[in-house]
Structure formats: C-alpha cells, structure tokens
Amino acid sequence: MFTFQEFSDFVQSLTPTIRTIIDKYIGQVQVDYKADHSPVTQADREIEQYIVSQIEARFPGGVIVGEESGTHAASAARSTDEPLVEWVVDPIDGTKSFIHGVPLFATLIGVMVDGEAVYGAIYNPLLNDLVVGDNTVALWNGRPTRMRPCPELSRATLLTTDIPDIAKHRDLPAFMQLVGQCRLLRTWGDAYGYFLLATGRGDIMVDPIMSRWDLVALIPVIRGAGGVITDYYGGEPATADSIVASCAELHGEVLALLNRATK
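Thresholds, definitions, all that
- Throughout this description, residue numbers start from 1 for each chain and increase along the sequence as written.
- It should be noted that, the model being predicted, local features are given only for residues of pLDDT at least 70 and side-chain atom pairs only at 80 or more, the latter also being counted only at that level, while totals for whole chains, interfaces and linings use all residues.
- Side-chain calculation: all heavy atoms of the structure are included, whereas hydrogens and water are not.
- UniProt positions are given in the numbering used here, feature names are shortened, and annotations may be inferred rather than shown by experiment.
- Put simply, DSSP H or I for four residues or longer makes a helix, DSSP E for two residues or longer makes a strand, and each gets a number counted from the N terminus.
- In this treatment the radius of gyration is a C-alpha quantity, and the globule benchmark scales as 2.2 Å times the residue count to the 0.38 power.
- Here, residues are in contact when the closest pair of their heavy atoms is within 4.5 Å.
- Values of accessible area rely on a 1.4 Å probe in the Shrake-Rupley scheme; residue burial ignores everything except the protein chains shown.
- Counted as positive: Lys and Arg. Counted as negative: Asp and Glu, with His and the chain ends omitted from the count.
- Taken as the charge centre is NZ of Lys, CZ of Arg, CG of Asp or CD of Glu, depending on the residue.
- When accessible area is computed with a 1.4 Å probe and restricted to protein chains, residues below 20% of their type maximum are described as buried, those above 50% as exposed, and intermediate ones as partly exposed.
- Angular values range over 0 to 180 degrees, each being the angle between N-to-C directions of two axes fitted as lines to C-alpha atoms, with helices fitted over their stretch in contact.
- Should an angle fall under 35 degrees it is taken as roughly parallel, and over 145 as roughly antiparallel, whereas 65 to 115 is taken as roughly perpendicular and any remaining angle as oblique.
- Gly counts as polar in this scheme, as do all residues outside two lists: the nonpolar Ala, Val, Leu, Ile, Met, Phe, Trp, Tyr, Cys and Pro, and the charged Asp, Glu, Lys and Arg.
- Only buried Ala, Val, Leu, Ile, Met, Phe, Trp, Tyr and Cys residues count toward a nonpolar core, and they belong to the same one when joined by side-chain atoms within 4.5 Å.

- As named in an unreviewed UniProt entry, the protein is Histidinol-phosphatase, taken from Candidatus Rikenella faecigallinarum.
- UniProt annotates the protein under Cofactor (unreviewed entry) with the comment "Mg(2+)".

Focus: the overall build of the protein
No. 1: On a plain count of helices and strands, the protein comes out with nine helices and 15 strands.
No. 2: Expected size for 263 residues packed as a compact globule is a radius of gyration near 18 Å; at 18 Å, the protein falls within 12% of this value.
No. 3: Within the protein, residue pairs in contact and separated by at least 24 positions form 62% of the contacts whose partners lie at least 6 positions apart.
No. 4: Counting every atom, the protein has about 11300 Å² of accessible surface; 50% of that belongs to carbon and sulfur.
No. 5: Computed over 20 positive and 33 negative side-chain charges, the separation of the two mean positions in the protein equals 7 Å.

Observations concerning the environment of Pro-149
No. 1: Topologically, Pro-149 is positioned in the loop between β10 (143-144) and β11 (157-160).
No. 2: By relative accessible area, which is 66% here, Pro-149 ends up exposed.
No. 3: Considered as a pair, Pro-149 and Gly-226 are 77 residues apart in the sequence and their alpha carbons are 9.6 Å apart.

Observations concerning the UniProt feature "binding site: Mg(2+) 1" (unreviewed entry) in the protein
No. 1: In this numbering, the UniProt entry assigns the feature "binding site: Mg(2+) 1" (unreviewed entry) to Glu-67, Ile-92 and Asp-214. In sequence the annotated residues extend across 148 residues, while in space they remain close, none of their C-alpha pairs exceeding 9.7 Å.
No. 2: Considering the arrangement of structural elements, one finds Glu-67 in the loop between β3 (63-66) and β4 (70-72).
No. 3: Residues in contact with Glu-67, not counting those within four places in the same chain, are Lys-34, Glu-48, Val-89, Asp-90, Pro-91 and Trp-213.
No. 4: For Ile-92, the position within the fold is in strand β5 (residues 85-93).
No. 5: Looking at Ile-92, the relative accessible area reads 2%, which means it is buried.

Side note on the packing of helix α5 (residues 172-181) against helix α9 (residues 251-258)
No. 1: Contact geometry for α5 and α9: axes closest at 7 Å, N-to-C directions at 140°. Comparing their axes, α9 and α5 come out oblique. On α9, the residues that touch Ala-174, Phe-175, Leu-178 and Gln-181 of α5 are Val-254, Leu-257 and Leu-258.
No. 2: Along the lines of polarity and charge, the residues of the contact of α5 with α9 split into six nonpolar, one polar and no charged.

Describing the UniProt feature "binding site: Mg(2+) 2" (unreviewed entry) in the protein
No. 1: Here the UniProt feature "binding site: Mg(2+) 2" (unreviewed entry) sits at Asp-90 and Asp-93.
No. 2: In this fold, Asp-90 is placed in strand β5.
No. 3: Discounting residues that sit within four places of it in the chain, Asp-90 has contacts with Glu-67, Ala-106, Thr-107, Leu-108, Trp-213 and Asp-214.
No. 4: Structurally, the position occupied by Asp-93 is in strand β5.

Describing the nonpolar core
No. 1: With 51 residues, the main nonpolar core has Ile-122, Leu-178, Tyr-194, Ile-204 and Val-206 as its most contacted residues.
No. 2: Among the elements that line this core, the one with the most residues is helix α6 (residues 190-198), at seven residues.
No. 3: For Ile-122, the contacting residues outside a window of four places in its chain are Ala-106, Thr-107, Leu-108, Asp-129, Leu-130, Val-131, Ala-191, Tyr-194, Phe-195, Leu-218 and Val-221.
No. 4: In terms of nonpolar packing, the next biggest core, distinct from the first, is built from 33 residues, Phe-7, Leu-14, Ile-21 and Val-89 among them.

Structure follows, in structure tokens:
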C-alpha cells in the first residue's frame, strides 16, 4: 500500500494536464446528456481517460471506478492477502458550473482500501487550488488547513448545491428550518463547497443526493481538516447517497434540524 505522501505527490503531478484540458474547452463547451439527463462534456471524458491511464501506470494493482467510464479492473495481479485498493474518480464535479464558465468545479480523486475511504483530493483547475486529506490531516497547496470553529448556527455559513434537489429527495421544510437558524445560505456547491469547508471559509455543506464518485474523495479531506461528515441521517458516508458535513460543534444540531418532523 502506498503512503499519503505518495498519493499527494501523484495527484500534484496530474494537475498541469488537467488544467490544460480545462483550458482547451472552457468557454467553448459541447454538451451531451446522459441517460439520467445530467450533462457531460468531452473535457470530462478526456480528464478521466488521462487520470485512469496514469493510475494504471503508477499503481497497477488498484481497481478504478470512473464516473464516465465505469469500473476498470486492476491491471496487475493482486494476492489474496493484499488489501483491495479502489480509486474513485470524478473528472469534473460541477459540470453544470463548468459548462456555464463558472469556476466552482473540481476534479475529485479518492482512494478506498477494503471499503474505507483513506485518501482524497479536491483540485480546482481554474483557481489552481489543491486540497488533499487522509482523515488525520488536510493540506491546502501543501500547507495544513483546518475547518474554522463555529460554536453556534447563528454564525454559520450554510452551503448546498441545488435547493430543488432537497425538495425532490429530502424534507425541504426541515432544511428551511436549518436555513432560518444560520447566518448565511449560499449555493457554492458541488465539490467546491467542501473545499470551502476544508479551507476554513464555510461551516456546513448539505447534499441530499450523491453518487459514489461524488463523495469518496471528500471524506478524508473533511475529516483531515477536523470536520465531521456523514450521510443525511448521521450514518457512514462512504456507502451513502447523501452527505452532511460541518464543523464538529454543529453537526449534531444540523442533523437534528434536517430530520425534524414537519410541524
């Protein structure tokens, strides 16, 4: 098994090419739509293809799960006593922002070992910002970063990706109760919202519906920055279909409000 430093160095080595691909397409994006009606672009496909090729070359014993290309079996044999290493890749988390020229999107790369999320990276190519984490520490462009303390909801900045998704998948009145308790609500969402939390510029992030490639990378980063990350009900996030992340002081209160029965 490789170290966090090896993971961090590897992700850093990918960033120039990811940025080059983004630069090639930003402002002139051809958009296709998948079966679930979500957008996808040639940039998504090219970035994922590049990352997959680099993982296969550098870490051939791992399985790779990509949002656009599915599961790639390990390209090298693994003995039965070795841990199962899975790389989970989202080439552009926030494609809707990308296609509109809004720089609030990121590449996500996560590593799971025997089902546990151990390493994660959030890379924003237009801002050239990289955060990596291993559940214990988080590094923002190579320097330690932490979530900011926020002792009460009335001081909190609450972030989410898409309010209509909350109405579709969870309890919107309960979410609005939470909104009413917080200082500020903004839709600085997708991976960028978690980036803001990990770098001390936001306090709560709520996503009512998530896929595996959306969330695996976030877990080691948020935990490494001192935050708490669970599903919508306080459960294990690695196998979840939703995410709630916040500073430790607020997490229990946030969950209680989100899951309070509508009066």
